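Given next are the chains, with one letter for each unit.
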Amino acid sequence: MNPTGGTDTHAVPSALARTAYYTDGIAWGRFNWPKSMLLFFEKVAVLVPDAEQDSFERSDEAVIAGLREHDVLRVLRPTDLVDSNASNRIIKQVRDAANKIPDAADPDAPMLLYLEKLGNGPEAEQVKELANQLHEAGVAKPFVYGQSMIIRPGLGYLVLDAIAREASRTGQRLGLDLHPSRCVGTQRDLFPVHRRIDMCPGATVVHTDLEEVGVDLGSVPIGEILDFKKQNADLLDRYRVGLREFSSRLAEAPFPDRDILLRERRESIRETQDQLKSAYRDWRKLAAIGLGLGGVAWTVSTGDLVGGGLALGAAGIEMLPSSGPLPTRLTYLVKAAQTF
């Protein structure tokens, strides 16, 4: 199973920062990917070739500035993740898949892929040879002075996913526990659901969870997100444990069963939402009753109407439920949706 979205099964030192690694390029667009991921991770990371640095800086200036202000952004270079061994594995996968993988995205919206991502060390000549082969096969064509190529999206995402698989291994030497993730709404979402899950199971679960509860962090300052996470650390730990276990089940299940598992999870999320809403309604009802009874008792004995309302502080509040429903592994997710 790929380590994704806080769902890894690989053993990593606890001191490493849990980091969501964006797999799908340098721009997350309007989908607030980094803010969403900061609900679950300590940092976010993006793979940026040298040639794309300026484009990355302009892609979402306000958010990037906020991430840097709070020291929660790590910009990675291809050489950080793709060594010679990784490059050889990626090149082999692309060659094997060049004539097999179907395009899942709009053919009018091809992908621009910088060759540096496939390897930029001793294997650079092998990368150029691969680019020529793909061009001859009609699935790619050179672009930007040979530094990049326009490639069929199916093949392009295969490359990005192959790099993501290397990230869990190479990230540790960078002091990061990297969890590949992606942005809901990218072209990748045109892949059939079973293939999307197979590529990045944990990330798929995180994003379907967020879609189900409707979290929108677009206008929320990054500092508030980090404060919420700190204040609810215990609930977050519960969520991470449940996410890891569920994603393992998802990765091991036959493709036909995966939609069923995801549907059951969505139902569990809705149940948790209903429980918390019901607890809140009960709290308000008891509060109203407490105010009424406290006020009557106080007024009868003292004639003090104003004091009757304040009496709830000593009497009525004690009648109210102190904790609500017991926390579940989904409570953090639902509480985030209620807060933001």
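Check the entry above for the structure.
All values derive from a computational prediction rather than experimental measurement.

S.K.: Quick rundown of the pattern of salt bridges? Include the residues and the values.
M.R.: Inspection of the entire model under this criterion finds 14 salt bridges. Between Arg270 and Glu212 there is a salt bridge; the shortest N-O distance is 3.0 Å. One end of the pair, Arg270, is in helix H12 (residues 255-302); the other, Glu212, is in helix H9 (residues 201-213), and 58 residues separate them in sequence. Put simply, Arg18, Glu42, Asp237 and Arg240 are held in one network by salt bridges that share partners.

S.K.: Now, about the packing of aromatic side chains: what can you tell me, with residues and values included?
M.R.: Throughout the structure, instances matching the rule amount to 9 aromatic pairs. Centre to centre, the rings of Phe40 and Tyr332 are 6.1 Å apart; their planes meet at 65°, and the pair counts as edge-to-face. Within this pair, whereas Phe40 is found in the loop between helix H1 (33-38) and strand E2 (43-47), its partner Tyr332 is found in helix H15 (residues 331-339), the two being separated by 292 residues in sequence. Taken individually, Phe40 and Tyr332 each receive the classification buried, so the pair is uniform in this respect.

S.K.: Which residues make up the side chain of Thr272, and what are the values?
M.R.: Tracing the sequence through the fold places Thr272 in helix H12. For Thr272, a relative accessible area of 6% gives the class buried. In this view, Thr272 contacts Thr328, Leu330, Thr331 and Val334; residues no more than four positions away in its chain are not counted.

S.K.: Give a detailed account of the side chain of Lys117, specifying residues and quantitative values.
M.R.: By the secondary structure assignment, Lys117 is in the loop between strand E4 (111-114) and helix H6 (124-136). Dropping the residues within four chain positions of it, Lys117 is found in contact with Gly25, Leu47, Pro49, Glu52, Pro78, Val82, Leu160 and Ile163.

S.K.: Got a sec to walk through the sheet that holds strand E6 (residues 148-151)? Specific residues and values, please.
M.R.: Read from one edge of the open sheet, 3 strands run E4-E6-E5, paired in antiparallel fashion. Unpaired on one side and paired on the other, E4 and strand E5 (140-143) mark the two borders of the sheet. When strand polarity is set aside, the average angle formed by the axes of neighbouring strands in this sheet is 30°. Direction of pairing for E5 relative to E6: antiparallel, over a ladder of 4 bridges.

S.K.: Describe the packing of helix H5 (residues 84-97) against H6, listing the residues and the values that go with them.
M.R.: Direction vectors running N to C along H5 and H6 enclose 10°, while the axes themselves pass 11 Å from each other. Between H5 and H6, the angle is such that the two are roughly parallel. Packed against H5, whose contacting residues are Ser87, Asn88, Ile91, Val94 and Arg95, the element H6 presents Gln126, Val127, Glu129, Leu130, Gln133 and Leu134 at the interface. Looking at the contact of H5 with H6 residue by residue, the class counts come to 5 nonpolar, 4 polar and 2 charged.

S.K.: Provide a residue-level description of helix H11 (residues 233-252), including the pertinent values.
M.R.: Over its 20 residues, H11 extends 29 Å from the first C-alpha to the last, a length consistent with the 28 Å expected when each residue adds 1.5 Å. Within H11 the residues assigned to the buried category are Leu235, Leu236, Tyr239, Arg240, Gly242, Leu243, Phe246, Ser247, Ser248 and Leu250.

S.K.: Talk me through the packing of H11 against H15; I want residue IDs and the actual numbers.
M.R.: Relative orientation of the contacting elements H11 and H15 amounts to 125°, with a least axis distance of 7 Å. Compared by their axis directions, H11 and H15 come out oblique. Contact residues: Leu235, Leu236 and Tyr239 in H11; Thr331, Tyr332, Leu333 and Lys335 in H15. For the contact of H11 with H15, a count of residues per class yields 5 nonpolar, 1 polar and 1 charged.

S.K.: Tell me what's going on with the sheet that holds strand E3 (residues 73-76), and back it up with residues and numbers.
M.R.: Spatially, E3-E2-E1-E7 is the arrangement adopted by the 4 strands of the open sheet, whose pairing is parallel. At either margin of the open sheet sits one strand with a lone partner, and together these are E3 and strand E7 (176-181). Here the average twist between neighbouring strands, direction ignored, is 30°. Bridge count between strand E1 (residues 17-22) and E7: 6 bridges; the pairing is parallel. Bridging from a neighbouring strand, Ala17 pairs with Leu176 of E7.

S.K.: So what's going on with a negative patch on the surface? Residues and values would help.
M.R.: On the surface, a cluster of negative charge is contributed by Glu264, Glu267, Glu271 and Asp274. In this structure, Asp274 sits in helix H12. Note on Asp274: relative accessible area 48%, which makes it partly exposed.

Procedures and definitions
Residues numbered from 1 in each chain as written. Predicted model: local features only at pLDDT ≥ 70, side-chain atom pairs only at ≥ 80, totals over all residues. Heavy atoms only, no water. Salt bridge = Lys/Arg side-chain N within 4 Å of Asp/Glu carboxyl O. Helix = DSSP H or I, 4+ residues; strand = E, 2+ residues; numbered from the N terminus. Phe/Tyr/Trp six-rings, centres within 6.5 Å; stacked < 30°, edge-to-face > 60°. Buried < 20%, exposed > 50% of the residue type's maximum accessible area, 1.4 Å probe, protein only. Contact = heavy atoms within 4.5 Å. Pairing = 2+ DSSP bridges. Axes fitted to C-alpha atoms, helices over the stretch in contact; angles between N-to-C directions. Parallel < 35°, antiparallel > 145°, perpendicular 65-115°, else oblique. Nonpolar A, V, L, I, M, F, W, Y, C, P; charged D, E, K, R; others polar. Expected span 1.5 Å × (residues − 1). Patch = residues over 30% accessible without salt bridge, like charges linked within 9 Å, V, L, I, M, F, W, Y side chains within 5 Å. Areas by Shrake-Rupley, 256 points an atom, 1.4 Å probe, with all protein chains shown as cover. Lys, Arg positive; Asp, Glu negative; His and termini not counted. Charge placed at Lys NZ, Arg CZ, Asp CG, Glu CD.

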